[in-house]
Amino acid sequence: KEQHLRKPDWLKIKLNTNDEYKGLKKLMREKNLHTVCEEARCPNIHECWGERRTATMMILGSVCTRACRFCAVKTGLPNELDLAEPERVADSVAIMNLKHVVITMVARDDLKDGGAQVLAETVRAIRRKSPLTSVEVLPSDLGGLEENLQILMDAKPDILNHNIETVRRLTPRVRARAKYERSLEFLRLAKEMQPDIPTKSSLMIGLGETEEEIIEVMDDLRANDVDIMTIGQYLQPTKKHLSVKKYYSPIEFGKLRKIAMEKGFKHCEAGPLVRSSYHADEQVNEATKA
Ligand code: SF4
Ligand code: SF4
């Protein structure tokens, strides 16, 4: 039987529900949109939706064709393709007056383009309606096909984010249908297609990896020209998901951040509550600085 670790104090945070947050929540339901902020029960939701005016929206439905063992998104048969979704997302971004938006997606292994076209359309629709909002995309590996990535890069997002999620050794266990090398290749190709667009990747720790393995991820990302890295604590969404093997302290995260910056990342966020999209609004300018 797996041992159950107690949650340390730095992860027990108070949620204060401000009006801004309530308003945005209502809007999401009216527009039939899904946010990762809500589905992943992200602890930063009040800070992001309130002060920072950042949100992460999930498109192409709320059901994923994969079933990664850390992820709270439902899996099963995918939703019907909704071609009006890009405009609806763009309308909401405008109403929410977002400064930065992250558009992510469930994996759509059922679609030939992996969902690239709808994602690219969404970027364009947001640009038209909210030219001042920075747009970060966080796609799946789009089936690992280069032409699908090209469709997306042609829409010129402000940041291309693709998460490596875990160290090489644990990838088959943690995200069975993805591949460590394929994710690196995806990031490398994105940079090759649009050298001016910053690339980014996130790692969750606490799944049983060693420090050497974390450093190997940093080296692998840098070897593929990734500009921004985020490192956060894995939290078990439900009892059915992988259990937490270790809670890293804020000091340990600080050390990892320092190592990452020494490896040459332009920006690194690392901390117990850091998520892929945490403080993403700050990274746009920093990563594009020469
Ligand atoms: Fe949403 Fe990301 Fe902020 Fe969490 S960190 S609330 S997922 S934008
Ligand atoms: Fe969750 Fe993404 Fe894995 Fe689907 S592909 S289960 S959305 S992490």
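Rules behind the numbers
Residues numbered from 1 in each chain as written. Chains lettered and ligands numbered in written order. Predicted model: local features only at pLDDT ≥ 70, side-chain atom pairs only at ≥ 80, totals over all residues. Heavy atoms only, no water. Phe/Tyr/Trp six-rings, centres within 6.5 Å; stacked < 30°, edge-to-face > 60°. Lys NZ or Arg CZ within 6 Å of the ring centre and 35° of its normal. Near = heavy atom within 4 Å. Helix = DSSP H or I, 4+ residues; strand = E, 2+ residues; numbered from the N terminus. Nonpolar A, V, L, I, M, F, W, Y, C, P; charged D, E, K, R; others polar. Contact = heavy atoms within 4.5 Å. Polar contact = N/O pair within 3.5 Å; in protein donor to acceptor, adjacent residues only side chain to side chain. Core = buried A, V, L, I, M, F, W, Y, C linked by side-chain atoms within 4.5 Å. Buried < 20%, exposed > 50% of the residue type's maximum accessible area, 1.4 Å probe, protein only. Pairing = 2+ DSSP bridges.

## Comments concerning the packing of aromatic side chains
Piece 1. All chains considered together, the criterion is met by one aromatic pair.
Piece 2. Sitting over the face of the ring of Tyr248, Lys246 holds its NZ or CZ atom 4.6 Å from the ring centroid.

## Section: the site of ligand 1
Piece 1. Taken together, Cys37, Cys42, Asn44, Ile45, Cys48, Thr54, Thr56, Arg275, Ser277 and Tyr278 form the complete shell of residues around ligand 1.
Piece 2. Elements with a contribution of two residues or more to the shell around ligand 1: helix H3 (45–52) and strand S2 (54–59).
Piece 3. Tallied by class, the residues present in the shell around ligand 1 amount to five nonpolar, four polar and one charged.

## Considerations on the environment of Asp281
Piece 1. Relative to the helices and strands, Asp281 resides in helix H11 (residues 280–288).
Piece 2. Separated by 179 residues in the primary sequence, Asp281 and Val102 have C-alpha atoms spaced 9.6 Å apart.
Piece 3. Those residues in contact with Asp281 that lie beyond four places of it in its chain are Arg52, Thr54, Lys99 and His100.
Piece 4. A polar contact is formed between the side chain of Asp281 and the side chain of Arg52, at a distance of 3.1 Å.
Piece 5. A distance of 3.3 Å separates a polar atom in the side chain of Asp281 from a polar atom in the side chain of Lys99.

## Quick word on the nonpolar core
Piece 1. One finds Trp49, Met57, Ile103, Leu160, Met218 and Ile231 to be the most contacted residues of the largest nonpolar core, which totals 81 residues.
Piece 2. Not counting residues within four places of it along the chain, the set of residues in contact with Ile231 comprises Leu203, Ile205, Met218, Phe253, Leu256, Cys268, Glu269, Ala270, Gly271 and Val274.

## Considering the site of ligand 2
Piece 1. For ligand 2, the full set of nearby residues is Cys64, Arg66, Cys68, Phe70, Cys71 and Ala107.
Piece 2. When its residues are assigned to classes, the shell around ligand 2 shows five nonpolar, no polar and one charged.

## Considerations on unusual backbone geometry
What is expected of a backbone is that most residues other than glycine have negative phi and most peptide bonds are trans.
Piece 1. Phi is positive for Asp225, which is not a glycine, with a value near 65 degrees.
Piece 2. Even without being a glycine, His279 presents a positive backbone phi close to 55 degrees.
Piece 3. With respect to the helices, strands and loops of the structure, His279 is situated in the loop between strand S10 (267–271) and H11.
Piece 4. Given the relative accessible area of 14%, His279 is considered buried.

## Re the sheet that holds strand S6 (residues 134–138)
Piece 1. Spatial ordering of the open sheet is given by S1-S2-S5-S6-S7-S8-S9-S10, a layout of eight strands whose pairing is mixed. Where the open sheet ends on each side, the last strands, each with one partner, are strand S1 (34–35) and S10.
Piece 2. For strand S7 (residues 159–161) and strand S8 (residues 199–205), the ladder comprises two bridges, and the chain directions are parallel. Each bridged residue has a counterpart across the sheet, and for Leu160 the counterpart in S8 is Thr199.

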